[in-house]
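Chains, contacts and geometry: an overview
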Amino acid sequence: CPWHPQQHSTTPQPHHGEAYVVRGLAMLLQGDSTAALPLLQQAARCDPDSQEARELFRVGKSLAAALAAAGRATLTRDFQGCVDLLTDTLQQLQLPPLRLPARAGLTCLLRTRRAEALLRLRRHDECLADCAHALYAQNDCIDAWKWRCGALHAQGNFEAALEDCDALLKDWGAASEEIRGLHARAAFQVRKQKRPDYYALLGVPSVASEPEIKREYRQRAKECHPDRFSAAGYSEEDRGVAESTFKRLGEALEVLGDPSRRKLYDEGYDKEAIEERIQAAERASRRGGHHHH
């Protein structure tokens, strides 16, 4: 666009309506309708015959209204209403004059907003699809990663969530407490998923009393005690299975037979994390005691 030679500002001159159209369109595609509307309004004033300026201004007003309405719907927990509004907006923006590109900031904004509402509606596959579109448009959109992780968690796909979080932590984690939180949550769930089910191993319900747990432990430990499998007639494999089961039964008793450890287990911690937390609590207690004296 032709600028006045003495003008050092990058602001388009009032008589350059086309420059206002270009800049207004760029702002729209970035998802900033608030900044776009005054520019497009000025473009229409500069060139009242510009159909493009008028149409883009209409699109900008419609977009701003839709985003505001979607925000209100989310606040009132009308997530289906939010999805409907954003779906209609996306469809309208595919048409002229905008023809919304797949890699625009506005695409990321609308898809991310809809992904959040879909997640709240437990429509996890649709949420993941919107997140994929949003991240294709703008790969560093933390909200899109957040809703994607939420959908993967809801589906029980914790390893995929952890894989995403590993990459996020590597690229941006040092600067984002939110990413570190997502990573910790995913890692916790993966460890929880992989830990042994001590209640099932002992054959007791999760509400079993301590005496019930100890009674079942004694019974099962007797059945698979390695001494029983040392006699002739048992294979090396039989002895190995018995030893492994006996060891895990001991772990189950150690964890479920101790109220502090059992509480942590019920909260989702695995044995290693339980021991770390117990030791940390003991160290803190010792320091507190020394400090007191």
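Scope of this entry: the structure provided in the associated data block. Remember, it's a predicted structure, so these values are computed and weren't measured experimentally.

Quick look at the packing of helix α3 (residues 51–75) against helix α4 (residues 79–93) now. Their axes nearest at 8 Å, the elements α3 and α4 cross at an angle of 165°. Looking at the two axes, α3 sits roughly antiparallel to α4. In this structure, α3 crosses over α4, and the sense of that crossing is left-handed. Taken together, the residues of α4 that come into contact with α3 (itself represented by Val59, Leu63, Ala66, Leu67, Ala69, Ala70, Ala73 and Thr74) are Phe79, Gly81, Cys82, Leu85, Leu86, Thr89 and Leu93. Residue composition of the contact of α3 with α4, grouped by class: twelve nonpolar, three polar and no charged.

Moving on, we get to the environment of lysine 271. Here lysine 271 lies in helix α14 (residues 271–292). Relative accessible area serves as the criterion here: at 23%, lysine 271 is assigned to the partly exposed category. Here the alpha-carbon distance between lysine 271 and proline 196, two residues 75 residues apart in the chain, equals 9.1 Å. When near neighbours in sequence (up to four residues on either side) are disregarded, lysine 271 contacts Tyr198, Glu251, Glu254 and Val255.

What follows is about the packing of aromatic side chains. Tallied over the entire structure, the rule returns four aromatic pairs. Every member of this aromatic cluster is reached through a ring pair, and the members are Tyr198, Tyr199 and Tyr265. Stacked on the ring of tyrosine 136, the Lys or Arg arginine 103 has its end atom at 4.2 Å from the ring centre. In this arrangement the basic side chain of arginine 195 is found over the ring face of tyrosine 265, its NZ or CZ atom lying 3.8 Å from the centre.

Relative to the elements of secondary structure, alanine 102 occurs in the loop between α4 and α5 (105–120). Distance in space between the C-alpha atoms of alanine 102 and histidine 133 is 7.5 Å, their sequence separation being 31 residues. If we skip the residues at most four places from it in the chain, alanine 102 touches Thr107, His133, Tyr136 and Ala137.

With that out of the way, let us pick up the pattern of salt bridges. What the rule picks out here adds up to 17 salt bridges. Salt-bridge contacts for arginine 123 lead to glutamate 126; the nearest nitrogen and oxygen are separated by 2.9 Å. Accessibility expressed as a relative area gives 40% for glutamate 126, which makes it partly exposed. Notably, a salt bridge pairs glutamate 236 with arginine 239, separated by 3.3 Å at the nearest N-O pair. Taken together, the positions of glutamate 236 and arginine 239, both in helix α12 (residues 236–256) and three residues apart, correspond to about one turn of that helix.

Scoring rules and cut-offs
Residues numbered from 1 in each chain as written. Predicted model: local features only at pLDDT ≥ 70, side-chain atom pairs only at ≥ 80, totals over all residues. Heavy atoms only, no water. Axes fitted to C-alpha atoms, helices over the stretch in contact; angles between N-to-C directions. Helix = DSSP H or I, 4+ residues; strand = E, 2+ residues; numbered from the N terminus. Parallel < 35°, antiparallel > 145°, perpendicular 65-115°, else oblique. Left-handed = near helix turned anticlockwise from the far one by under 90°. Contact = heavy atoms within 4.5 Å. Nonpolar A, V, L, I, M, F, W, Y, C, P; charged D, E, K, R; others polar. Buried < 20%, exposed > 50% of the residue type's maximum accessible area, 1.4 Å probe, protein only. Phe/Tyr/Trp six-rings, centres within 6.5 Å; stacked < 30°, edge-to-face > 60°. Lys NZ or Arg CZ within 6 Å of the ring centre and 35° of its normal. Salt bridge = Lys/Arg side-chain N within 4 Å of Asp/Glu carboxyl O.

By themselves, these observations are geometric and do not establish any function.
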